[in-house]
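Geometric and topological summary
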Amino acid sequence: MGTNAPLRREPLARGPHEVYFKNLSKQKQKEVMEKNGNNHKLRVCVATCNRADYSKLAPIMFGIKAEPQFFELDVVVLGSHLIDDYGNTYRMIEQDDFDIHTRLHTIVRGEDEAAMVESVGLALVKLPDVLNRLKPDIMIVHGDRFDALALATSAALMNIRILHIEGGEVSGTIDDSIRHAITKLAHYHVCCTRSAEQHLIAMCEDHDRILLAGCPSYDKLLSAKNKDYMSIIRVWLGEDVKTRDYIVALQHPVTTDIKHSIKMFELTLDALISFNKRTLVLFPNVDAGSKEMVRVMRKKGIEHHPNFRAVKHVPFDQFIQLVAHAGCMIGNSSCGVREVGAFGTPVINLGTRQTGRETGENVLHVRDADTQDKILHALQLQFGKQYPCSKIYGDGNAVPRILKFLKSIDLKEPLQKKFCFPPVKDNISQDIDHILETQSALAVDLGGTNLRVAIVSMKGEIVKKYTQLNPKTYEDRLELILKMCVEAASEAVNVNCRILGVGISTGGRVNPREGIVLHSTKLIQEWSSVDLRTPISDALHLPVWVDNDGNCAALAERKFGHGKGVENFVTLITGTGIGGGIIHQHELIHGSSFCAAELGHIVVSLDGPECLCGSQGCIEAYASGIALQREAKKLHDDDLLLVEGMSMKKEEIVSAAHLIQAAKLGNTKAESILRTAGTALGLGVVNVLHTVNPSLVILSGVLANHYVNAVKDVINRQALSSVKTVDVVVSNLADPALLGAASLVLDYTTRRIY
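Residues numbered from 1 in each chain as written. Predicted model: local features only at pLDDT ≥ 70, side-chain atom pairs only at ≥ 80, totals over all residues. Heavy atoms only, no water.

Turning to empty space enclosed by the protein, a few remarks are in order. To find the voids left in a structure, one rolls a probe of water-molecule size over its atoms. In total, this model carries nine cavities of 30 Å³ or more according to the counting rule given. N50, R51, A52, D53 and S333 are the residues nearest the centre of the largest cavity, which is lined by 38 residues in total. For the lining of the largest cavity, the secondary structure elements donating two or more residues are helix 3 (51-65), helix 13 (316-324) and helix 14 (334-337). Sorting elements by how many residues they give to the lining of the largest cavity places helix 3 first, with six residues. (1 Å grid on protein atoms, 1.4 Å probe; cavity = no way out; pocket = protein on both sides within 12 Å on 5 of 7 lines; lining within 4 Å. Points joined across faces, edges and corners; volume = space filled by probe spheres on them. Helix = DSSP H or I, 4+ residues; strand = E, 2+ residues; numbered from the N terminus.)

The structure is reproduced here in structure tokens:
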């Protein structure tokens, strides 16, 4: 790959959310400014303590600086920014052309527990004078560092409003306690995920003062363009390094178990040495235990090892390019489980420091290791893989939301915080003045006849639906899918929906782990060995899940329908073909070769009609829409279909509906065909009952109502007495395939344990 090649994971273009927020009426902002008195500008103090929090605060600072008619910005720098051993990272703030109002040396060296406490105390001594001089209307504090606790404590005691970024999250170590302590001191909260928002509400924070915005750093990550990224890689790793053929390592001490975290770091370095790949190692942060970790690096000769580059700091813009094109990132930094997911780079998360964080599927957890072997094996599993881009922590439009939130703050409101004690306010939607989106999924249904795309909300409401005929060729079909998905994603902004991912329901045998259609019957032509995940994920920059339509119908019933709360049940789809899905102990069964629940191809007669799968006597050959249409054509060709009360136009195509209508009007031959079809379906259900013994059978699809009584009759006549009590019901879901595709997204759990 040449130095002028495009970024491997193409970044998002300017998103529709950004346009939406830029086009918002400024009436509300004017009203608030009038309340605050004579167009008073909001004086905002942003305090940054280290390289990590600056990467989150910088996009907000740029946004504030760009709107001088609304804001005055004061920047305070403290903590490890001002220490040479940690890279003197205050310089990157100056390089970004921000005026630093105050520099506070607050770190007491020692890198142990006592030094952390003394550093907090020193900051508490120095901050009051600074805040008295600045007199900010609001202080922006980020995250969970001990320095941030000193900032929040000082501001709260001096009656300065606090906006806390990234509250409500869960990780490991003392960081959790510090983060939640800052939450209780803060007046306003900007969180990154729905779970974090729920945690804040559960902590009795006022829902009206919580903004679900996403992570500000994602605004930069998802718009990062640097065609000359190879020069950055060469500067930090050497001239001979190729993309995806190096590792970025960033590991910090765990302050609640320093001894164990140092041992884990030692094992990590041993594994990296054995793995024998070029590795960029960043020095740890200033927490207790960092001095010992640096000693381990020097003991093992990392700074002089030919495969390693050890650095104190990498500018964030360059760090983005390094992790975007790495073969793997390893360590316990929150950056690995948060920001790196935006590029789909494989990550190995070590130890307990990030326990509880929401992670993308690119993250493999090694919770504990007593030898280097487990870490080495994790490297072998992860290195060089490419995962779908994850947007768990943001969609690239956090800053416009945060600026709008800041403009809505009324300084005339009482400063004293109010806590919302249980019962907790129901969090169905955001306050309209903060954020309007409803979390949703893009659902795609690839049927034998139609191709449908829908926006589906978390509650299962189909907000918007698009339908087209399913093209006959692979190229046309994929082009149409992408076109319809892009159109739906754009429309999602207009209907106030935030798309979390894409779920695809398709006919055929599917490998859901890889997002590949392995094989399909003749119902869908040119539909074998098709990778659906990669092109759609690359085009939309969203995670994509794919599964068989029968499995999706079962998932839809589990989340939205009769199967909700049922431990063991089976769903059968009766439509153009016959499909199904099996839920056993609340989980979907795929089988060893992803062929489980191909219920339409249960053979009920050795010499029955030929099925599209190539076999004979399958349920689908008797009871599917195609089978009924075939029999209807035979009757019509013999002039035996139409009876009194029926008529057909000359050019009208004979269908299964005509057969059903004829049977209802007393056509005995049509009745006999439907009776045989119902019996075949019933025998298939009996086989399923005798095999997996579900407590519920759900018939779904356009033919379900016509078959339900026949299936019950066959069960009463043919099934063992122990399974005759099974409930057989007709689905009450209008679009099980679309709802099932949506549930792939809405129910997906991305955390993996190794």
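Read on, since the account is not over.
Let's shift gears to the UniProt feature "active site" (unreviewed entry) in the protein. UniProt records the feature "active site" (unreviewed entry) for D549 in the present numbering. Looking at the element boundaries, D549 is found in helix 19 (residues 549-560). By relative accessible area, D549 is classed as partly exposed at 23%. (UniProt positions renumbered as here; feature names shortened; annotations may be inferred. Buried < 20%, exposed > 50% of the residue type's maximum accessible area, 1.4 Å probe, protein only.)

Quick look at the sheet that holds strand 14 (residues 438-446) now. Spatially, five strands are ordered 16-15-14-17-21 in an open sheet, and the strand pairing comes out mixed. Every other strand in the sheet has two partners, leaving strand 16 (462-469) and strand 21 (544-548) as the edge strands with one partner each. Going from strand to strand, the sheet's axes swing by 20 degrees on average, the running direction of each strand aside. (Pairing = 2+ DSSP bridges. Axes fitted to C-alpha atoms, helices over the stretch in contact; angles between N-to-C directions.)

So, about the packing of helix 22 (residues 656-664) against helix 23 (residues 668-692). Angle between the axes and distance between the axes are the two parameters that describe a pair of packed helices. Between helix 22 and helix 23, the least distance of the axes is 7 Å, while the angle of their chain directions is 115 degrees. Helix 22 and helix 23 meet at a crossing whose hand is left-handed. Contacts between helix 22 and helix 23 involve L659, I660, A662 and A663 on the former and, on the latter, A670, E671, I673 and L674. A per-class count over the contact of helix 22 with helix 23 returns seven nonpolar, no polar and one charged. (Left-handed = near helix turned anticlockwise from the far one by under 90°. Contact = heavy atoms within 4.5 Å. Nonpolar A, V, L, I, M, F, W, Y, C, P; charged D, E, K, R; others polar.)

The subject of this paragraph is helix 8 (residues 194-202). When we look at burial in helix 8, the residues that qualify are R194, A196, E197, L200 and I201. Projected down its long axis, helix 8 shows its buried positions confined to an angular sector of 160 degrees, all on one face. On its buried face, helix 8 sits against helix 7 (175-185), strand 6 (188-191), strand 7 (210-212) and strand 14. (Arc of directions from axis to C-beta.)

Right, let's get into the pairing of strand 15 (residues 450-457). Along strand 15, seven of the eight residues are buried, which leaves the element largely enclosed by surrounding structure. Two elements, strand 14 and strand 15, share seven bridges in a ladder whose sense is antiparallel. Bridging from a neighbouring strand, L442 pairs with I455 of strand 15. In this structure, the hairpin formed by strand 14 and strand 15 is closed by a connection of three residues.

This part is about a negative patch on the surface. A contiguous patch of negative charge on the surface is contributed by D112, E113, E118 and E292. Mapped onto the elements of the fold, E118 is located in helix 5 (residues 113-134). Judged by its relative accessible area of 45%, E118 is partly exposed. (Patch = residues over 30% accessible without salt bridge, like charges linked within 9 Å, V, L, I, M, F, W, Y side chains within 5 Å. Areas by Shrake-Rupley, 256 points an atom, 1.4 Å probe, with all protein chains shown as cover. Salt bridge = Lys/Arg side-chain N within 4 Å of Asp/Glu carboxyl O. Lys, Arg positive; Asp, Glu negative; His and termini not counted. Charge placed at Lys NZ, Arg CZ, Asp CG, Glu CD.)

All right, on to the packing of aromatic side chains then. The geometry of two aromatic rings is summed up by the distance between their centres and the angle between their planes. Inspection of every chain in the model, using the stated rule, returns five aromatic pairs. Relative to F98, the ring of F62 lies with its centre 4.8 Å away and its plane at 50 degrees, an arrangement referred to as tilted. Pair noted here: F62 is in helix 3 and F98 is in the loop between helix 4 (90-95) and strand 3 (100-104), with a separation of 36 residues, a long-range link. On the basis of relative accessibility, which here comes to 35%, the residue F62 falls in the partly exposed class. (Phe/Tyr/Trp six-rings, centres within 6.5 Å; stacked < 30°, edge-to-face > 60°.)

Now for the domain arrangement of the protein. Under the domain assignment used here, the protein contains domain 1 (40-215 + 399-408), domain 2 (222-382), domain 3 (432-561) and domain 4 (562-732). Between domain 3 and domain 4, the C-alpha centre-to-centre distance is 26 Å. Taken residue by residue, the interface counts 23 residues in domain 3 and 31 residues in domain 4. Between domain 3 and domain 4 lies a buried interface of about 1,900 Å² when both sides are counted; carbon and sulfur atoms form 60% of it. Summed over the shared surface of domain 3 and domain 4, the number is zero salt bridges. (Domains from an automatic or database assignment. Buried area = accessible area lost by both parts, 1.4 Å probe.)

Moving on, we come to the sheet that holds strand 20 (residues 530-531). One open sheet accounts for three strands, arranged 18-19-20; its pairing is antiparallel. Of all the strands in the sheet, the pair left with one neighbour each is strand 18 (509-511) and strand 20. Pairing geometry for strand 19 (residues 516-519) and strand 20, over two bridges, is antiparallel. Bridging across to strand 20, V517 finds its partner in V530.

We now examine unusual backbone geometry. Notably, E166 is not glycine yet its phi reads approximately 70 degrees, a positive angle. Following the sequence through the fold, E166 ends up in the loop between strand 5 (161-165) and helix 7. Of note in this structure, H541 is not a glycine but carries a positive phi near 55 degrees. You can see H541 is positioned in the loop between helix 18 (533-540) and strand 21. We classify H541 as buried; its relative accessible area is 9%.

The next thing to look at is the pattern of salt bridges. One pass over the structure, following the stated rule, counts 30 salt bridges. Between K65 and D97 there is a salt bridge, and its shortest N-O distance comes to 3.6 Å. Of this pair, K65 sits in helix 3 while D97 is found in the loop between helix 4 and strand 3, placing the two residues 32 residues apart along the sequence. Accessibility expressed as a relative area gives 38% for K65, which makes it partly exposed. What emerges from the salt-bridge pattern is a single network uniting K56, E166, E169, R338 and E339.

Let's shift gears to the nonpolar core. Ranked by size, the top nonpolar core spans 62 residues in total, and within it M139, I330 and L379 carry the most contacts. Sort the elements by how many residues they give to this core and helix 11 (residues 258-275) lands first, with nine residues. Residues within four places of M139 in sequence aside, it is in contact with C45, A47, L131, L151, A155, I160, R161, I162 and L163. Grouped together as the second largest cluster of nonpolar side chains are 43 residues, V654, A663, L703 and V728 included. (Core = buried A, V, L, I, M, F, W, Y, C linked by side-chain atoms within 4.5 Å.)

Two numbers describe how helix 5 lies on helix 6 (residues 146-157): the axes approach to 9 Å, and their chain directions differ by 40 degrees. At the point where helix 5 passes helix 6, the crossing takes the right-handed sense. Across the interface between the two elements, M116, S119, V120, A123, L124, L127 and L131 of helix 5 pack against F146, A150, L151, T153, S154 and A155 of helix 6.

Now for the state of the cysteines. Among covalent bonds in proteins, the disulfide is the one between the sulfur atoms of two cysteines. Taken as a whole and assessed by the stated rule, the structure comprises zero disulfides. Left without a disulfide partner, C613 is nearest to the cysteine sulfur of C611, which lies 3.7 Å away. Looking at C613, the relative accessible area reads 38%, which means it is partly exposed. (Disulfide = S-S within 2.5 Å.)

Turning to the environment of I348, a few remarks are in order. Assignment of secondary structure puts I348 in strand 12 (residues 347-350). I348 sits in the buried class, given a relative accessible area of 0%. Considered as a pair, I348 and V685 are 337 residues apart in the sequence and their alpha carbons are 45 Å apart.

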